[in-house]
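# Structural overview for review
Each chain, written out:
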2 protein chains.
Amino acid sequence: MKTKNLPIGVFDSGVGGLTVLDALLKALPRERFVYFGDTARVPYGNKSPAVVLQYSREIARYLLHASPSIDDLETGRRIKMLIVACNTASALAAPRLQKELPIPIIGVVEAGAAQAARLAPRGTIAVIATKSTIASSIYSEYLKRLAPKAKILTQACPLFVPLVEEGWVDHPVTEQVARIYLENILKQKPDVLILGCTHYPILQAAIARAIPAKTKVVDSSGAVARQVQEKLRKLKIAQSIRPLTPRAGFYVTDDPEGFRRAAKIFLRRALPGPVKLVRL
Amino acid sequence: MKTKNLPIGVFDSGVGGLTVLDALLKALPRERFVYFGDTARVPYGNKSPAVVLQYSREIARYLLHASPSIDDLETGRRIKMLIVACNTASALAAPRLQKELPIPIIGVVEAGAAQAARLAPRGTIAVIATKSTIASSIYSEYLKRLAPKAKILTQACPLFVPLVEEGWVDHPVTEQVARIYLENILKQKPDVLILGCTHYPILQAAIARAIPAKTKVVDSSGAVARQVQEKLRKLKIAQSIRPLTPRAGFYVTDDPEGFRRAAKIFLRRALPGPVKLVRL
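The text that follows walks through the structure, step by step, so that each part is easy to find. Keep in mind it's a predicted model, so treat the numbers as computed, not measured.

This part is about the sheet that holds strand S5 (residues 124–129) of chain B. Residues and elements named next belong to chain B. Spatially, the four strands line up as an open sheet ordered S6-S5-S7-S8, and their pairing is parallel. Pairing within the sheet leaves two strands with one partner each, and these edge strands are strand S6 (151–156) and strand S8 (216–219). This sheet shows a mean twist of 20° between the axes of neighbouring strands, independent of strand direction. Relative to strand S7 (residues 192–195), S5 is paired through four bridges, and the arrangement is parallel. The residue of S7 that forms the bridge with Ile 128 is Leu 195. Set on the sheet, helix H7 (residues 138–146) makes contact with S5, S6 and S7; between it and S6 the angle comes to about 165°. In the packing of helix H11 (residues 220–234) onto the sheet, contacts are made with S7 and S8, and the angle to S8 comes to roughly 60°.

Moving on to unusual backbone geometry. Cis geometry is found at the peptide bond from A:Val42 to A:Pro43, where omega equals -5°. You can see A:Pro43 is positioned in the loop between strand S2 (33–37) and helix H2 (49–65). Even without glycine at this site, A:Lys189 takes up a positive phi of about 45°. Along the chain, the position of A:Lys189 falls in the loop between helix H9 (172–186) and strand S7 (192–195). For B:Lys236, which is not glycine, the phi dihedral falls at a positive 55°. Its place among the elements puts B:Lys236 in the loop between H11 and strand S9 (248–252).

Residue and element names in this part refer to chain A. Within the open sheet, the six strands sit side by side as S4-S3-S1-S2-S9-S10. Their pairing is parallel. In this open sheet, the two strands that pair with only one neighbour each are strand S4 (105–107) and strand S10 (275–277). This sheet shows a mean twist of 20° between the axes of neighbouring strands, independent of strand direction. Bridge count for S2 against strand S9 (residues 248–252) is five bridges, and the pairing is parallel. Bridge pairing in S9 links Phe 36 to Tyr 251. Docked against the sheet, helix H12 (residues 256–266) engages S2, S9 and S10, running at close to 150° with respect to S10.

On to the relation of the copies chain B and chain A, then. Mapping chain B onto chain A calls for a screw motion: a turn of 180° about the axis and a shift of 0.0 Å along it, with 0.0 Å RMSD after fitting. Here the symmetry operator amounts to a two-fold rotation axis. Within chain B, the C-alpha atom positioned nearest to the axis of rotation is that of B:Arg41, 2.7 Å from it. Most of the interface of chain B is mirrored in chain A, where 100% of its interface residues again form contacts.

Attention shifts here to the environment of A:Gly273. Residue and element names in this part refer to chain A. Structurally, the position occupied by Gly 273 is in the loop between H12 and S10. The sequence separation of Gly 273 and Phe 250 amounts to 23 residues, and the corresponding C-alpha distance is 7.0 Å. For Gly 273, the residues in contact, after removing those within four places along its chain, are Pro 246, Arg 247, Ala 248, Gly 249 and Phe 250.

About the cut-offs
- Residues numbered from 1 in each chain as written.
- Chains lettered and ligands numbered in written order.
- Predicted model: local features only at pLDDT ≥ 70, side-chain atom pairs only at ≥ 80, totals over all residues.
- Pairing = 2+ DSSP bridges.
- Helix = DSSP H or I, 4+ residues; strand = E, 2+ residues; numbered from the N terminus.
- Axes fitted to C-alpha atoms, helices over the stretch in contact; angles between N-to-C directions.
- Contact = placed C-beta atoms within 7 Å.
- Least-squares fit on C-alpha atoms with pLDDT ≥ 70 in both.

In structure tokens, the structure reads:
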């Protein structure tokens, strides 16, 4: 089997990356995907860089060498590209994984930062994300490189993920929390607001009500899908025939049933393939 | 060294069990403690029973055989008793650990349920806890055995832990969330409210404002301390001389610095001993 026939790997700390998979399935209708959700060790957002790197490595190697039932006979590889859908892992592990692994790695952070830089190269760009993504300064680093004249604001929003997981998506408490978190950055009238966590697109309505209409919202999942499309074309490894179903396979480290239920929130439909429990 | 000179092990998924350690240090001034916080894999509250049991076993065995620098020369044991300070682990793993290990195991769930049963043997007892503690029905099972005539109400409060961790302890959002969570159980006018999660005592003020003055609050940490005291006396393994300092040693699986900072919230003072990073 040739590289272009291989699936694309997508990994996340849990279910949040399904918002990224959703965008990928829509933007790349010929590609197949294997998704890994580390549901036993979720969340990554409050873990140290060393632990996030260790977990990310284990998962990347699993997807590259062990996971699906197809591979590239010449290289022995089982995915042709890896999407790091978890912002924390993308911030703390993607650059290192790119040095260690022989396939292209695309992180949500780089993709989101690149789109924001195109939208407001000299404007004000605000980033909201988990505590460790903000503490890593990774969005600021990418943005400083991609839009050196832009003004960058950041804000950690640690309660957004538990609010999504509680299902309080369109809820007065969530709106109140959003107003509190966004108060300081809104004083600076940002041109762009980057949703720097895969859970945040689910709160897009509550967030939109808290910000001015002229502030453009960058949802990294859409940005990633565009970057993947471009990279596949450039490397000539895009799939050219319509793939067999199922279009995706799923690996989780805990609770496949809970994962299947959560898919309805994050993927906005049932899972398009089987879920398998894996102990790393 | 004899059994009575050994320290008592305390384990939790993270920092929350420090509220239990706080009560133990006060109630048992002659005892020494080793505390294990599984900060790399916190929280347990949304993990499956199989995973919680696996993690709890690893930690119990570590404390029993590998952790401190002292042991019982006859048995090779390094702790004389194990306190499961995490409600989820207490619910899902403590009974099994008691069967597998040669030392007494005391879980916060059993201790809290016993105290509530004494306070309202025929009354209405409400339990608030994490999603998986409530789903396990473990409080209801203990209460049905200890107070078969009591009426039992339960409510999961998944946002309380992230609110404590965000530091929104005395905050209008926390009060609003408490009112929403407690609304249904308060309609039944409970005599006792069990705080079934180690983080909840930190929110005691906000919770107290949301409930009637006549509802008694059972904080499991105090209940555990009393049960430990009794058990040590009964088994004749209480320490009789004043121990050397430090009175406690700490093991964490991630971020010792973050753990040290969190101690100020949960232990209400600096850690009374060294913290060591352990990879299980």
